[in-house]
Amino acid sequence: DGGITQSPKYLFRKEGQNVTLSCEQNLNHDAMYWYRQDPGQGLRLIYYSQIVNDFQKGDIAEGYSVSREKKESFPLTVTSAQKNPTAFYLCASSTTGTQGNYGYTFGSGTRLTVV
Amino acid sequence: AQSVAQPEDQVNVAEGNPLTVKCTYSVSGNPYLFWYVQYPNRGLQFLLKYITGDNLVKGSYGFEAEFNKSQTSFHLKKPSALVSDSALYFCAVRDGPGTYKYIFGTGTRLKVLA
């Protein structure tokens, strides 16, 4: 079945540590996105990528980094510069054709906790 | 700038009663509107969308939504709520003409009481 796989489901980070969240899709989608979800704040866009080797900052990119070396993969690194990283992180993908008729497909999320 | 609003943080409804979850939007051009549902510790799942055509859109799990251009609204409805409908619901609108990027509302928590 086609879909998006996020791993791990739960992740614990120590103070000052960088951690990387994985996102892989086999939908042949060109665009991929990372969102952060906090209670009462909905989804906030961290980074997005429309094509391999290219990505753009979203609304809250500080303290995060991404790469897009393959169409299928869009990993997110939460760096030590992100002072409040505890949140639920969602990866999504979409086509870039037909001007967005199909919306997004989401992964099942990674819950990151600072310990 | 494009925007979407969900004015209610939480909606409570008794099982068997009709439910409405509100969404209003502000966009330039034709709005592409979506509803998603999220269960605890899961990703968002597609419920329904309005791109063009009939103003009443039917989706998954018995949900429907009515597109109202004059009121710039896209409220989610269901004639008879189930306890299993309890979840977090997000409205999303396309972030401008000719783009495939969407912006999301802050979410409405629906609680269906037995």
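Residues numbered from 1 in each chain as written. Chains lettered and ligands numbered in written order. Predicted model: local features only at pLDDT ≥ 70, side-chain atom pairs only at ≥ 80, totals over all residues. Heavy atoms only, no water.

Student: Outline the interface of chain B and chain A, listing residues and values.
Tutor: Chain B puts 21 residues into the contact, and the matching count from chain A is 28 residues. For the pair chain B and chain A, the two sides together bury roughly 1900 Å², of which 55% comes from carbon and sulfur. Summed over the shared surface of chain B and chain A, the result is 0 salt bridges. Counting the contacts that link chain B with chain A gives 5 residue pairs in polar contact (both at pLDDT 80 or more). Those elements that place two or more of their residues in the side of chain B that touches chain A are strand 5 (33-38), strand 6 (44-50), strand 10 (87-94) and strand 11 (102-104) of chain B. (Contact = heavy atoms within 4.5 Å. Buried area = accessible area lost by both parts, 1.4 Å probe. Salt bridge = Lys/Arg side-chain N within 4 Å of Asp/Glu carboxyl O. Polar contact = N/O pair within 3.5 Å; in protein donor to acceptor, adjacent residues only side chain to side chain. Helix = DSSP H or I, 4+ residues; strand = E, 2+ residues; numbered from the N terminus.)

Student: Can you lay out the pattern of salt bridges for me, pointing to particular residues and giving the numbers?
Tutor: Using the criterion set out here, one finds 7 salt bridges over all chains in the structure. Between D38 of chain A and R36 of chain A there is a salt bridge, and its shortest N-O distance comes to 2.8 Å. Of the charged contacts in the structure, one is a salt bridge between D85 of chain B and K78 of chain B, with a shortest N-O distance of 2.8 Å. With respect to burial, D85 of chain B and K78 of chain B carry one shared label: buried. Residues joined in a network through salt bridges with shared partners are R36, D38 and R44 of chain A. (Buried < 20%, exposed > 50% of the residue type's maximum accessible area, 1.4 Å probe, protein only.)

Student: I'd like a rundown of the state of the cysteines, residues and numbers included.
Tutor: Residues and elements named next belong to chain A. Evaluation of the coordinates by the stated rule reveals 2 disulfides over all chains. One disulfide in the model links C23 with C91; its S-S distance is 1.9 Å. One quick way to see it: the torsion about the S-S bond of C23 and C91 is about -75°, and its sign makes the bridge left-handed. Placement of the pair is C23 in strand 3 (residues 19-25) and C91 in strand 9 (residues 87-94), with a sequence separation of 68 residues. Per residue, the accessibility class of C23 equals that of C91, and both read buried. (Disulfide = S-S within 2.5 Å.)

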